[in-house]
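These are the residues of each chain, in order.
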Amino acid sequence: MTERRTAKVYIDGANVFYAQKKLAWSLDWKKVVNELKRQWNVIEFRYYTGVKVGDEKMASFLRALDHIGFTVITKHLKVIKIDQAHPLHREHQYTEIYKSNFDVEVTADMLLERGNIDDIILFSGDSDFAYVVKKLKDVGKRVIVFSSRKTLSWELKLMASTYYFLENYQKEWQK
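Residues numbered from 1 in each chain as written. Predicted model: local features only at pLDDT ≥ 70, side-chain atom pairs only at ≥ 80, totals over all residues. Heavy atoms only, no water.

Caption draft 1: The nonpolar core, seen in detail. Counting residues in hydrophobic clusters, the biggest one holds 27 residues, and the most contacted among them are Trp 29, Leu 36, Phe 123 and Phe 146. Elements that contribute at least two residues to this core include exactly strand 1 (6-12), helix 1 (13-23), helix 2 (29-39), strand 2 (41-51), helix 3 (56-67), strand 6 (119-123) and strand 7 (142-147). Contact partners of Phe 123, with chain neighbours within four places excluded, come to Val 9, Tyr 10, Ile 11, Asp 12, Val 16, Trp 29, Val 32, Leu 36, Phe 146, Leu 166 and Trp 173. Among the nonpolar cores identified, the runner-up in size contains 19 residues, and Val 106, Phe 129, Val 132 and Leu 152 belong to it. (Core = buried A, V, L, I, M, F, W, Y, C linked by side-chain atoms within 4.5 Å. Buried < 20%, exposed > 50% of the residue type's maximum accessible area, 1.4 Å probe, protein only. Helix = DSSP H or I, 4+ residues; strand = E, 2+ residues; numbered from the N terminus. Contact = heavy atoms within 4.5 Å.)

Caption draft 2: View of the sheet that holds strand 6. Taken in spatial order, the 6 strands of this open sheet run 3-2-1-6-7-8, and their pairing is parallel. The outermost strands of the open sheet, each flanked by one partner alone, are strand 3 (71-76) and strand 8 (162-165). Taken over all neighbouring pairs, the strand axes of this sheet differ in orientation by 15 degrees on average, direction set aside. Here strand 2 runs beside strand 3; their pairing, made up of 6 bridges, is parallel. Looking at strand 3, one finds that Gly 50 is bridged to Lys 75. Across the face of the sheet, helix 1 comes into contact with strand 1, strand 2 and strand 6 while running at roughly 70 degrees to strand 1. (Pairing = 2+ DSSP bridges. Axes fitted to C-alpha atoms, helices over the stretch in contact; angles between N-to-C directions.)

Caption draft 3: Inspection of the packing of aromatic side chains at higher detail. Overall, the coordinates contain 16 aromatic pairs when judged by the stated rule. Between Phe 146 and Tyr 169, the aromatic rings sit 5.8 Å apart at their centres with planes inclined by 65 degrees, giving edge-to-face as the arrangement. Of this pair, Phe 146 sits in strand 7 while Tyr 169 sits in the loop between strand 8 and helix 7 (170-173); the two residues are 23 residues apart in sequence, bridging distant segments of the chain. What makes Tyr 169 buried here is its relative accessible area of 16%. Consider the rings of Tyr 169 and Trp 173, whose centres lie 4.2 Å apart with planes at 20 degrees: the pair is stacked. In this structure Trp 173 comes out as buried when scored by relative accessible area, which is 1%. Grouped by ring-pair contacts, the aromatic residues Trp 29, Phe 45, Tyr 47, Phe 61, Phe 70, Phe 123, Phe 146, Tyr 164, Tyr 169 and Trp 173 constitute a single cluster. The side chain of Lys 75 reaches across the aromatic face of Phe 102, ending 4.6 Å from its centre. (Phe/Tyr/Trp six-rings, centres within 6.5 Å; stacked < 30°, edge-to-face > 60°. Lys NZ or Arg CZ within 6 Å of the ring centre and 35° of its normal.)

As structure tokens, then:
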């Protein structure tokens, strides 16, 4: 029997959230953990996400992730006001969007923590990760990407050692 490869899992929470919205079903992270641990010797699961102050639903979700062994990395969501005024009208109409970007944190963690592992598993389809994936492959790491067909960028798809579509795991991983 061959020894399982060691891996760390990095989850871009916002990207996976929007992928799930487009898929119209949610991942059961406990099922995901069990499946990945069958295939790899997973050292750590890291989940990165922004949080709104007082969002009890999110706090409950993050406690559930902590309970199944995830390392949860959070920061406050930024509120960005977008002026949607019509050019011919004087009144301004603002829309608020919430944003938290973890690309730098995920990238830094993947690069700094690559030493004791064979594989890096990334749950994201964000093209911003294509460059770091290329650099990790250049130093001999295998990078496996899980994303939706609807959200996997072509840049990341081309750089990944292997990629898997979440749609193919609906039966096994759906909540």
